[in-house]
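A structural walkthrough
Chain residues, written in single-letter form:
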Amino acid sequence: MDSQCVSILPRVCGVLLVSGSSLPDDTSLEKLLDWFTTVAQTGPSLLEACPCLVDFVSKVAFNYASGSSILSFTLKLTGLIGASEDGFKVLKECSVLKLVFNPQHWQEAGLWEDPCLRIGWIQGLKMILQHSEALSFFAQADLIEPLLQLQTDPSLFVASAANQTLAQVLLLCQSLSSVGHNGSKNRDLEHNSVSMETTQNYSGIITKVSEYLNKSVVLKEISQLPGSQQILRLLAMLLVRVGPPLRDTLLLAVMNSLEELVTTSCSQLTVPLLDVILAANSGLRDDCVPKQRLIRLLWAMLNMKKPDDVMQAAAAVLRSHQSDPALSAHSARVLLLPLDIVTGVSLLDENSTEGELRILITEQLKRKSCISMICVCLSNIPQITLMASDRLPCPQRLIVTAVLLLLRLCCVDSSSSSPGCVEVVRFITGNSKVQKCALEALLVLSKSPGVKMVLVEVFKVLTEYLNSPSSDPSVLQKSYQVVIKWVGVCPDLSCITDQLREGFIQAVRKRACDTRWEARDSTVEFLGHLVEVPSCWTFTEQETEPLDVLLGGRRFTVPLLKEALQDPESYVRASSISALAQTLAPSWQDGTALTQEQEDIVAQLQEVLFQDSEGFARRAAVKYFTAWFSACSSPSSCWLLMQSMPTVLSQGVADLDWEVKLHTLELAELLLDRAFPDPSPSHSYAVMSDQDHRLPIAGQQSDLLSSLKNLVDWGVVSALLCGVVDCDRPVALKACQLLLKLRGIVCPVMDNAADTRVFCQLAGASVLQQVRKIQEIGKDTHVVSEACSEADEEGICASVDPECVGVCEVLRLLDLDEKLSILTQSSDHIYNSPLSLLQDILTAAAASSPPGQDSRQELVMDCY
Amino acid sequence: MPEIKVTPLGAGQDVGRSCILVSIGGKNIMLDCGMHMGYNDDRRFPDFSYITQNGRLTDFLDCVIISHFHLDHCGALPYMSEMVGYDGPIYMTHPTKAICPILLEDFRKITVDKKGETNFFTSQMIKDCMKKVIPLNLHQTVQVDDELEIKAYYAGHVLGAAMVHIKVGSESVVYTVSVNKFALCHSGAAWIDKCRPDILISESTYATTIRDSKRCRERDFLKKVHESIERGGKVLIPVFALGRAQELCILLETFWERMNLKAPIYFSTGLTEKANHYYKLFITWTNQKIRKTFVQRNMFEFKHIKAFDRSYADNPGPMVVFATPGMLHAGQSLQIFKKWAGNDKNMVIMPGYCVQGTIGHKILNGQRKLEMEGRSTLDVKLQVEYMSFSAHADAKGIMQLIRMAEPRNMLLVHGEAAKMEFLKGKIEQEFNCYMPANGETVALTTNPSVPVDISLNLLKREMTLGGPLPDPKKPRTMHGTLIMKENSLKLVSSEQALKELGLNEHQLRFTCRVQLQDPHSDSDTLHRIYTHLKSVLKDYTIQHLPDGTVMVESIVIKVSSSAEDANAKVLLLSWSYQDEDLGSYLSSLLKKGLPT
């Protein structure tokens, strides 16, 4: 731990003691606790590192006047100190422990009402409960009583923390008990007596917890509903976390109460009750008695009278992947019932046992509340599709048909009518919630066996949605996702006729000029994603791209995307640039000659880089060139790309948006890697021996020289030098890393003469100024001008340009290693360091002390 | 009884991230979904596991409503919708929808600038989240579903800020951010309807203060900038990309024009253009002063304020620079600060909140020696000023709002506990007021009025009975049969009810026995009863029938003697439910005995 921190910590404690209200902000105490936790976890002991903390804790414990946040902090800190056995002993010796964790102490002071204090008490307790000593203390002080009372605290946060702590208590009991049993043989008497005591503590606590759970699970009156819900949540958590035999003990203790609760059929308890039953059920063997009772309970819940509750129960059973085949098959049937009734598609045998439920659900489907029931049905279809086919109530293909029919019924512009429940149609038509759930289901159903047959139907329904002007943008987005998914999994698109294609094209064209930018953006994104779907087969049995089959190929999409480059919404402009890159990528890979259209696009993208007022489009433009360069096997073959490079790099690195700059540097990195392919380890910029410097290989040098010149010509070097002095840390860091890489490759090989042969022009005064400054600080200031004169004689540098710098010289002069270490530290160095936090607390206290100065208080409350 | 529940997951007795859950009429609504900028880990977002532990927020929440674009109100939205997986509707006003992503991008930059940042949303996620947002127009009622409707009102706190009226059936809640006085200027009396919500949930940031006027603060700001410029110093104003920056630009621009000042003013952010674009686009949402001036000239096209190049920072002479980010923790503003910090002629004006740990926070607390990266130390000699231009409500504004909306209950959020307590005391003189801590639930029983249709026939019948004409202001009792048909209630006559429901009428008669001593024969006793009733009930039809009964309206009276005692008579009375009053009267009359 930093000695400076240790030295100022007592002062910080003093400040906290005096008043908690002068803290820099509401996060300081939590951050301080975070730091103490790190110290406790990484160092030998928290008290050893910060001995002043005991004194602090003692003083706060006796001082009621401290603010509730300081008290809460102190309680947690006490827990943290006591988490180690040494710390626990110290706290015990100075009588702090009993006082701090005695709820009566806080009740008498009138502070227990504050949830902040109760949270501190619980969390402190949770932290301390790490060893047998702590458990003994917990048992002897009878802290289980107040802890149990807090399980149903009116504050969600307190109750939840209390639940967690109770679990911690039980886990500790469990682990100590197993240690006691395993280790007692070889221990001495004294240890055995401790072990005995622990076991007694353990059983006493378990008994109390079991009694409490058994008593609390049953709902006595409706006003206790929130408490019951909380107890069930607690029980579910305990059953998941604790292992046998404790788990069985708890389960047996509450079994009767659970059975009683199931019979009350309280809808608000259905979900938490199911969670408990399923949690209990998951870890049990099939042949054990509780398992049979639990299965009976699940059946009871699946046979309740309220359809919503039954649906919830069925969904929970399926989600939990029950091993009982009858139970999961029945649940699937229950869940499919609404779909069966609404669409009239016979998914289920009507003569089955669900007759009564069918009547109840049919009645419910005539009411407004049918929406949630249909959504539960649809959102559980993924679980149903995961079932083994022999347990499914019907072939998956039928489910697809039903979902498609439902989608048709939901579509405002569809003329379909339901052969099933007629009344439901008025509620679901145009309901985007149902539409989205159905589309999600359809997305998953694409993987179903034998669904290729319905591809045309799917396509027609989705075209209907894309055509409908009343489709919500989020529904449109989902529809596009479904198209991509279905086309991706159905390699045979021979069923797509010209007529279907024409309809689809029209729908897409319409949505590309929708008044809502969200719809336009999803359309443009779709055009890009479609390119990436693998090739498929057409009716002519030729391998072709889905883009060609669905939309007639690039001759349709490229003009549409070019148009979208002019979109008033920047998100759409950015998406269209990305989609263009995706669309043109195959032609770049093939090395197909550029068309006039592509040349126009490049001009437009350069315009975007220069003129677009928003970062999203400019970021996409730089990425377009990156994608192009990556796809191009030989840069020389693409003259236009390389011709654009200096403009893109110079413009990109000078952008106002940090991400544009970063993407530009990523492009520069690609160019760098291409210029110096496969650098051997000797070129690593880490360590270079003197010998390497002395023995340059002539051929290697000339190659490097030519590559370096290329980099300069492309604008890579100036972009990196520009980036390294950027004020945005990620940009500067990236540029610095690349410059180091370049230095590692170039400098060891180049001799001084070569230094003077490669120059870089630095546009942008501030970069040059920095370089000049470094030169001045560095060594002789006339190097550049001399070099330029020499170069001029050789005809390399046309004139003595004040903006001209020698590349190798700059690489050597700039203290890149130091810069890298600073940039790597980032602002975290200040932002996250404990010293900074401690100093902030001290200065804030000092700032708040002058009387009549309350501007800081207002500052704390100011909005962001 | 139906109840409305309110649980703050954030902003309950604090000014951290706002996230308030409301359950009303079986619907669950999340009001705001903010982030806490002071944390780097999960603590910066609300803990959604308190809502549902299986992560299926869409199943639980019916909608999310965002009040305004500040990150402590919307910063967790992409996390919630794209990482936790909420797929339901999100509502906010048009300007908020436009500006929200700018600030989210701004914050994303701050976050990725830090080391080891993980679990944070991407640019694509922000976009996808915004695509789920449904924009709200002012005063337009939006039907979230068949039962839940919301309506936005102008709040004036920042561009696009709104208060929202949420209604399910006859229960309603109004949620408002800090409403400031400009809200009143903006649309006068139409600010908010007298909607009498069951609960008004309001921010209470400046709960105790009646704040000094914004004008004073503006004057102070201009004075400080001017003084610094006059003595040849440079002024740095670190700002977020949007919000206060625009307002301060307008202030300086006007002042420069008026004073004919020549010192350059620069604005160094790439996002400013977009921000200005939105201010122009949503001019109707800005305050009255800006709108008025806008008519004369476009206030967002600045004459004196120019784009900044980083080399300008080294130029000699005075200048004013607006630079991002606002907390001086990285980027352009920090770079300029480092350059200018050593000169006592210079000044930095912090117009907003700074998170602990940032340079902005440190200098505001008076640190004069800052340890920078690489263990270098920076001596801060320049002047440090803090100016709050935050447009939060004060106690006066909140009280005005309460009087306007006339809520049944008041609930305070987004404020410090101690200061809330003060305001609570003030409000409680007139209304019930609550201030739950985070995680605490306030449950209020409501008394919803249930609308019932009344049949015309029944009304007509009432009128023929001579009662006053129906008057909505004067409630009165009416008799009829309440039937429920197609989810609506109707009060009709019993005949109509039988007809509509297709039921047969059943007669219901009450009977009772009265014992009395009368030493006469049964027929004499009956006659004596007849005579007695004749004398008592003068206006009623009383018959002595030959079958040995006396009838008064529908009431039948028979006499029989006891087998043991001939003087002990048992009177049998029977009447239909329509004559229940008369039947009861007769039984009590006869119990008293017959006159001798």
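Residues numbered from 1 in each chain as written. Chains lettered and ligands numbered in written order. Predicted model: local features only at pLDDT ≥ 70, side-chain atom pairs only at ≥ 80, totals over all residues. Heavy atoms only, no water.

Things to note about a nonpolar patch on the surface
On the surface, V450(B), V452(B) and L482(B) cluster together to form a nonpolar patch covering roughly 270 Å² of accessible area. Relative to the helices and strands, L482(B) resides in strand β24 (residues 481-485). (Patch = residues over 30% accessible without salt bridge, like charges linked within 9 Å, V, L, I, M, F, W, Y side chains within 5 Å. Areas by Shrake-Rupley, 256 points an atom, 1.4 Å probe, with all protein chains shown as cover. Salt bridge = Lys/Arg side-chain N within 4 Å of Asp/Glu carboxyl O. Helix = DSSP H or I, 4+ residues; strand = E, 2+ residues; numbered from the N terminus.)

Regarding the packing of helix α23 (residues 396-410) of chain A against helix α25 (residues 432-445) of chain A
Residues and elements named next belong to chain A. Where α23 contacts α25, the two axes come as close as 10 Å, and the packing angle between them is 155°. The pairing of α23 with α25 is recorded here as roughly antiparallel in orientation. Considering how the two elements wind past one another, α23 and α25 form a crossing that is left-handed. Packed against α23, whose contacting residues are I399, V400, V403, L404, L406, L407 and C410, the element α25 presents V434, Q435, A438, L439, L442 and L445 at the interface. Within the contact of α23 with α25, the residues separate by chemical class into 12 nonpolar, 1 polar and no charged. (Axes fitted to C-alpha atoms, helices over the stretch in contact; angles between N-to-C directions. Parallel < 35°, antiparallel > 145°, perpendicular 65-115°, else oblique. Left-handed = near helix turned anticlockwise from the far one by under 90°. Contact = heavy atoms within 4.5 Å. Nonpolar A, V, L, I, M, F, W, Y, C, P; charged D, E, K, R; others polar.)

Observations concerning the side chain of Q151(A)
Residue and element names in this part refer to chain A. Relative to the assigned elements, Q151 resides in the loop between α11 (144-149) and α12 (156-183). Under the relative-accessibility criterion, Q151 is labelled buried at 0%. At 3.0 Å, the side chain of Q151 forms a polar contact with the backbone oxygen of L147. In terms of polar contacts, Q151 uses its side chain to reach the backbone carbonyl oxygen of A162, at 3.1 Å. The residues contacting Q151, other than those within four sequence positions of it, are A159, A162, N163, L166, Y212, Q230, I231 and L234. (Buried < 20%, exposed > 50% of the residue type's maximum accessible area, 1.4 Å probe, protein only. Polar contact = N/O pair within 3.5 Å; in protein donor to acceptor, adjacent residues only side chain to side chain.)

Notes on the pattern of salt bridges
Summed over the entire model, instances satisfying the criterion amount to 60 salt bridges over all chains. The closest approach of N and O atoms between D840(A) and K362(B), which form a salt bridge, is 2.9 Å. Here D840(A), found in helix α47 (residues 834-848), pairs with K362(B), found in helix α12 (residues 359-364), and the two come from separate chains. Its relative accessible area of 0% is what places D840(A) among the buried residues. One connected set of salt bridges, linked through shared partners, spans E440(A), K478(A), E82(B), D87(B) and K132(B).

A short note on the domain arrangement of chain A
Residues and elements named next belong to chain A. Each assigned domain of chain A is listed here: domain 1 (432-535 + 545-646) and domain 2 (647-677 + 704-774 + 802-843). Placing a centre on the C-alpha atoms of domain 1 and another on those of domain 2 gives a separation of 36 Å. Contacts between the two partners involve 20 residues from domain 1 and, on the opposite side, 18 residues from domain 2. Counting each side, the surface lost to burial between domain 1 and domain 2 is near 1,900 Å², with a carbon and sulfur contribution of 65%. On the surface where domain 1 and domain 2 come into contact, there are 3 salt bridges. When the shortest N-O distance is used, the salt bridge between R618 and D655 registers 2.6 Å. For the interface between domain 1 and domain 2, the tally reads 12 residue pairs in polar contact (both at pLDDT 80 or more). Sorting the residues of the side of domain 1 that touches domain 2 by element identifies α33 (596-611), α34 (615-631) and α35 (639-653) as the ones contributing at least two each. (Domains from an automatic or database assignment. Buried area = accessible area lost by both parts, 1.4 Å probe.)

Quick word on unusual backbone geometry
The linkage connecting P244(A) with the following residue, P245(A), adopts the cis geometry, with an omega of 5°. Checked against the element boundaries, P245(A) lands in the loop between α14 (225-241) and α15 (246-264). Look at the link from T324(B) to P325(B): it is a cis peptide, with omega at -5°. Along the polypeptide, P325(B) turns up in the loop between β15 (319-323) and α11 (331-340).

Observations regarding the sheet that holds strand β11 (residues 199-203) of chain B
All names here are of chain B. With respect to topology, 7 strands assemble into an open sheet ordered β7-β8-β9-β10-β11-β20-β21, the strand pairing being mixed. Every interior strand has two partners, whereas the edge strands, β7 (141-143) and β21 (432-434), have only one. The average undirected angle you get between the axes of adjacent strands in this sheet is 20°. Two elements, strand β8 (residues 148-154) and strand β9 (residues 162-168), share 7 bridges in a ladder whose sense is antiparallel. Of the residues in β9, the one forming a bridge with L148 is V168. Against the sheet, helix α14 (residues 417-427) touches β20 (409-413) and β21, its axis set at about 170° to β20. (Pairing = 2+ DSSP bridges.)

Description of helix α10 (residues 132-140) of chain A
For an α-helix, 3.6 residues make a turn, and residues three or four places apart therefore share a direction. Looking at α10(A), one finds that the buried residues are A134(A), L135(A), S136(A), F137(A) and F138(A). D142(A), located one to two residues past α10(A), shows a positive phi value of around 55°.

Focus: the sheet that holds strand β12 (residues 234-238) of chain B
Residues and elements named next belong to chain B. Read from one edge of the open sheet, 6 strands run β14-β13-β15-β12-β16-β19, paired in parallel fashion. Edge positions in the open sheet fall to β14 (305-307) and β19 (383-386), since each of these has one partner strand only. Recorded for the sheet is a direction-independent mean angle of 25° between the axes of neighbouring strands. Judged from the 3 bridges that link them, strand β13 (residues 265-268) and β14 form a sheet pairing that is parallel. Bridge pairing in β14 places Y266 opposite K306. Its contacts with the sheet put α11 on β12, β13, β15 and β16 (347-350), and the angle it makes with β12 is roughly 150°.

As for the pairing of β8(B)
Residue and element names in this part refer to chain B. Summarising burial for β8: 6 of the 7 residues are buried, a large majority. Note that β7 and β8 share 3 bridges and pair antiparallel. Paired with V142 across the two strands is I150, which belongs to β8. Hairpin geometry of β7 and β8 is characterised by an intervening segment of 4 residues between the two adjacent antiparallel strands.

Topic: the pairing of β20(B)
Residue and element names in this part refer to chain B. Of all 5 residues that make up β20, 5 are buried, and the element is covered over most of its length. Covered by surrounding structure in β20 are N409, L411 and V413 together with M410 and L412, the residues of both alternating faces. When β11 meets β20, the two strands line up parallel, connected through 5 bridges. Bridge pairing links I199 to N409 in β20. Pairing between β20 and β21: 3 bridges, direction parallel. Directly across from M410, in β21, lies its bridge partner C433.

Observations concerning the packing of aromatic side chains
On inspection of all chains with the given rule, the structure shows 28 aromatic pairs over all chains. Pairwise contacts between aromatic rings join F45(B), F48(B), Y79(B), F107(B), F120(B) and F121(B) into one cluster. When the ring centre of F629(A) is taken as origin, the NZ or CZ atom of R674(A), which lies over that ring, is 4.3 Å away. (Phe/Tyr/Trp six-rings, centres within 6.5 Å; stacked < 30°, edge-to-face > 60°. Lys NZ or Arg CZ within 6 Å of the ring centre and 35° of its normal.)

Notes on the nonpolar core
Of all hydrophobic cores here, the largest spans 398 residues; its most connected members are F36(A), W121(A), L339(A), L378(A), L551(A), Y624(A) and F337(B). Sort the elements by how many residues they give to this core and α12(A) lands first, with 12 residues. Among all residues touching Y624(A), those that are not within four sequence positions of it are I577(A), L580(A), A581(A), L584(A), W588(A), I601(A) and L605(A). In this structure, V6(B), I24(B), L148(B) and V413(B) belong to the second largest nonpolar core, which totals 29 residues. (Core = buried A, V, L, I, M, F, W, Y, C linked by side-chain atoms within 4.5 Å.)

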